[in-house]
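Descriptive structure summary
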Amino acid sequence: MRADGSSRFPSVNHWGYFPSGAIAWKFSNEKFLKKSKVLSEGKLRSSYGQTGNNRVGDFDYLTRYFNPIQSNYVFNNEYIGNVVATSLGNSKLKWETTEQIDLGLDVGFLKQRITLSADIYRKTTKDLLLRAALPQSSGFATATKNIGSIQNQGLEFTLNTENIKTKDFTWNSSFNISFNESKVLALSDNQTELLSTISWDTAWNNIPAYIAKIGQPLGLMYGYISEGTYKYADFDQDANGNYILKPTVTANGNIRANIKPGDIKYKDINGDLNVTAADYTVIGNGLPKHIGGFTNNFIYKGFDLNVFFQGVIGVDVYNEYKHLTDFSSIWPGGNYGSRTLDAWSPQNPNSTIPSVTLTDTNNEGRYSSYFIENGSY
């Protein structure tokens, strides 16, 4: 039993209490297996435990006050100073709690030349310490609260083998793989989704890049679905030869008259023939489905060699660098990426890479699947 105390919470919630326990049955010691020539070890185990988290600001439970000059005033010919609240405290703030249950199996064969461990687990975190959105009527945008719940669960396997063992040479191998998944169980009061931003450039600080949705995994990337580029077939031509976007073709969020062949094209989710914030959707997942590794250790007399492979499967990455090298307005004067050698042009009208001479730079200020790449390796 752990008892953890933290002055980051109000006195009534200073302490958190976190129990844990484990049991195991070494069935290889039972009479019916003790003389086995194949099974050298066997164990079933189970554990349960809770841990706490206090990672918030030192005084987030207190309302902060300040006396800025601009809030002072004159009343009855007298200069009046005053204080204003700059952040809202939370007198009910308490420990975030994570509980985990684990079931495991350990077996060994042929005098431990082959061993296998398997674990299945479920970890649930509740009362998360997060900056929660507040109603505008409160006068504050956010406050630290204990909100929501998330779940992580999965299977993990480890296989160790002693392949060769002689006087001068040994070779051991180890392989492990995990199958993990996460899920958002709850968010703030009556909230079904939560948008998150990333601070990497001032113009992007308020544009949502991630979304958390109840019942969905963590790490969901948020933006438009890119559908390549506008082609000549998407336009009509007027008497002066100007290209006019057909009324049945979806606009990409810019003024229809400004859209030209070669501009980037997005999917219209709600069917209103114009791309807006209502057409944002999930475009990727930043958490891998599988993580694995394979190690080989070779020892020959006084020399040793270690060969290690590690990889992940089923993960997306957002290549923000493509914003800087595929579009001119993000990094004025910077070099284009070599992929733009195959960008759309009158001589290359079937390319899915937008033209380097976009007619409206607003095309570039959006997260989209154009920048999502497979991050498996």
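To be clear, the structure that these remarks concern was listed above.
This text gives an overview of the structure that appears in the document. Values in this document were obtained by computation on a predicted structure and should not be read as measured data.

Reading guide: rules and limits
- Residues numbered from 1 in each chain as written.
- Predicted model: local features only at pLDDT ≥ 70, side-chain atom pairs only at ≥ 80, totals over all residues.
- Heavy atoms only, no water.
- Helix = DSSP H or I, 4+ residues; strand = E, 2+ residues; numbered from the N terminus.
- Rg over C-alpha atoms; globule rule 2.2 N^0.38 Å.
- Buried < 20%, exposed > 50% of the residue type's maximum accessible area, 1.4 Å probe, protein only.
- Contact = heavy atoms within 4.5 Å.
- Areas by Shrake-Rupley, 256 points an atom, 1.4 Å probe, with all protein chains shown as cover.
- Pairing = 2+ DSSP bridges.
- Axes fitted to C-alpha atoms, helices over the stretch in contact; angles between N-to-C directions.

Things to note about the overall build of the chain
Helices and strands together make up the secondary structure of the chain, namely two helices and 24 strands. A compact globule built from 377 residues would reach a C-alpha radius of gyration of about 21 Å, whereas the chain, at 29 Å, exceeds it by more than 25%. With the principal axes as the frame, the chain shows a C-alpha extent of 95 × 75 × 45 Å. Looking at the 377 residues of the chain, the share that counts as buried comes to 35%. Contacts spanning at least 24 positions in sequence make up 61% of the contacts within the chain whose residues lie at least 6 apart. Carbon and sulfur atoms make up 55% of the accessible area of the chain, which totals about 22,600 Å².

Notes on the sheet that holds strand β4 (residues 39-53)
Spatially, β3-β4-β9-β10-β11-β12-β21-β22 is the arrangement adopted by the eight strands of the open sheet, whose pairing is antiparallel. Bordering the open sheet on either side are β3 (20-25) and β22 (303-313), each of which pairs with just one other strand. Strand-to-strand twist of the sheet, defined as the mean angle between neighbouring strand axes without regard to direction, takes the value 10 degrees. By the bridge criterion, 16 bridges tie strand β11 (residues 142-165) to strand β12 (residues 169-186) in an arrangement that is antiparallel. By the bridge assignment for β12, Glu156 is matched with Ser178.

A word on unusual backbone geometry
Notably, Gln112 is not glycine yet its phi reads approximately 70 degrees, a positive angle. Within the element layout of this structure, Gln112 appears in the loop between β9 (96-109) and β10 (114-133). One non-glycine residue, Lys301, adopts positive backbone phi at about 50 degrees. Under the relative-accessibility criterion, Lys301 is labelled exposed at 55%.

Topic: the environment of Ile372
As for its placement among the helices and strands, Ile372 is situated in strand β24 (residues 372-374). With relative accessibility at 17%, the residue Ile372 sits in the buried group. Each C-alpha atom of the pair Ile372 and Gly286 lies 10.0 Å from the other, and the pair is 86 residues apart in sequence. Excluding its chain neighbours within four sequence positions, the residues that come into contact with Ile372 are Met221, Ile283, Asp316, Val317 and Tyr318.

Let's talk about the environment of Gly5
Along the polypeptide, Gly5 turns up in strand β1 (residues 2-5). In this structure the C-alpha to C-alpha distance between Gly5 and Trp15, which are ten residues apart in sequence, comes to 4.4 Å. Setting aside residues up to four positions removed in sequence, Gly5 forms contacts with His14, Trp15 and Trp95.

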